[in-house]
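Tertiary structure, described
Each chain, written out:
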Amino acid sequence: MVLHTMPRTVVLGVIGSDAHVVGITILEQAFSAAGFDVVNLGVQTSQQEFAEAAVAHDAEAVLVSSLYGHAEQDCQGFHEVLEAADVDAVTYIGGNLAVGQDDFEQTRRTFQELGFDRVFDSETDPEEAIAALRQDLEITPTESERATITS
């Protein structure tokens, strides 16, 4: 078992042509407060920029935000781009992912088929995503507490 004394790194950004900044600002603050090292790529981030940042920062998670309803088009081929760059990270997407989408379960399936590990709607509390990430990265509360004490 590897003990991480450094904070886990997550790359965060808004994909495609989306310019909604408020959501990722809230996420950046929440993940930072939870002890993660957050690399915020900002808005209108390309798939390639996500991949390059994940490689450069050795990220363990890539968090994609999209609020303008065109995430499905923006995310076509995203996991192939990550794979080509040798990114081995958990991938999450959240936000307002489809225009006029009433059935979120259908939206969730769509994005899971695109390769995302977890899919969140726009009502999701950041704490829920943080808890999911801790679970997916197998971070125990004692480990994050130790990381806080030693840093």
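Residues numbered from 1 in each chain as written. Predicted model: local features only at pLDDT ≥ 70, side-chain atom pairs only at ≥ 80, totals over all residues. Heavy atoms only, no water.

Across the sheet, 5 strands lie side by side as S2-S1-S3-S4-S5; this open sheet has parallel pairing. Strand pairing shows two members of the sheet lacking a second neighbour, strand S2 (37–40) and strand S5 (118–121), which therefore form its edges. Across the sheet, the axes of successive neighbouring strands diverge by a mean angle of 20 degrees, strand direction being ignored. Pairing between strand S4 (residues 90–95) and S5: 4 bridges, direction parallel. Pairing of Tyr92 across the sheet is with Arg118, part of S5. Along the sheet, helix H2 (residues 47–56) contacts strand S1 (9–14) and strand S3 (61–66); its crossing angle with S1, the most-contacted strand, is approximately 165 degrees. (Pairing = 2+ DSSP bridges. Helix = DSSP H or I, 4+ residues; strand = E, 2+ residues; numbered from the N terminus. Axes fitted to C-alpha atoms, helices over the stretch in contact; angles between N-to-C directions. Contact = heavy atoms within 4.5 Å.)

The calculated volume of the largest pocket comes to roughly 350 Å³. Lining the largest pocket are 21 residues; nearest its centre among them are Gly23, Leu27, Gly94, Gly95 and Thr124. Contributions of two or more residues to the lining of the largest pocket are made by helix H1 (22–33), S3, S4, S5 and helix H6 (126–136). Counting residues per element, the lining of the largest pocket draws most heavily on H1, at 5 residues. Tallied by class, the residues present in the lining of the largest pocket amount to 13 nonpolar, 6 polar and 2 charged. (1 Å grid on protein atoms, 1.4 Å probe; cavity = no way out; pocket = protein on both sides within 12 Å on 5 of 7 lines; lining within 4 Å. Points joined across faces, edges and corners; volume = space filled by probe spheres on them. Nonpolar A, V, L, I, M, F, W, Y, C, P; charged D, E, K, R; others polar.)

Let us now look at the nonpolar core. The tendency in soluble globular proteins is for nonpolar side chains to be buried side by side. Formed by 24 residues in total, the largest nonpolar core has its most connected members in Val64, Cys75, Phe78, Ile93, Phe111 and Phe116. Breaking this core down by element, the ones donating at least two residues are H2, S3, helix H3 (71–75), helix H4 (78–84) and helix H5 (104–113). If near-sequence neighbours (up to four positions away) are discounted, Val64 is found in contact with Gly13, Ile15, Phe50, Phe78, Tyr92, Ile93, Gly94 and Phe116. Within the second largest apolar cluster, 21 residues are counted, among which are Val14, Phe31, Val38 and Val90. (Core = buried A, V, L, I, M, F, W, Y, C linked by side-chain atoms within 4.5 Å. Buried < 20%, exposed > 50% of the residue type's maximum accessible area, 1.4 Å probe, protein only.)

Quick look at H5 now. Considered for burial, the residues of H5 that qualify are Phe104, Thr107, Thr110 and Phe111. Within H5, the buried residues cover an arc of 115 degrees as seen down the axis, which keeps them to one side. Where H5 is buried, its residues meet H3, S4 and S5. Positive backbone phi, approximately 115 degrees, marks Gly115, located one or two places after H5. (Arc of directions from axis to C-beta.)

What follows deals with the pairing of S3. A regular strand carries its side chains on alternate faces of the sheet. Most of S3 is tucked away, with 6 of its 6 residues classed as buried. The alternating pattern of S3 places Ala61, Leu63 and Ser65 on one face and Val62, Val64 and Ser66 on the opposite face, and all of these are buried. Examined bridge by bridge, S1 and S3 share 5 bridges and lie parallel to one another. Along S3, the bridge assignment pairs Val14 with Ser65. Bridge count for S3 against S4 is 6 bridges, and the pairing is parallel. The partner of Ser66 across the bridge, within S4, is Gly95.

Another aspect to go through is the environment of Leu63. Looking at the secondary structure, you find Leu63 in strand S3. Taking the C-alpha atoms as reference points, Leu63 and Asn40, 23 residues apart in sequence, are found 9.6 Å from one another. When sequence neighbours within four positions are dropped, the list of residues in contact with Leu63 reads Val10, Val11, Leu12, Gly13, Phe31, Phe50 and Tyr92.

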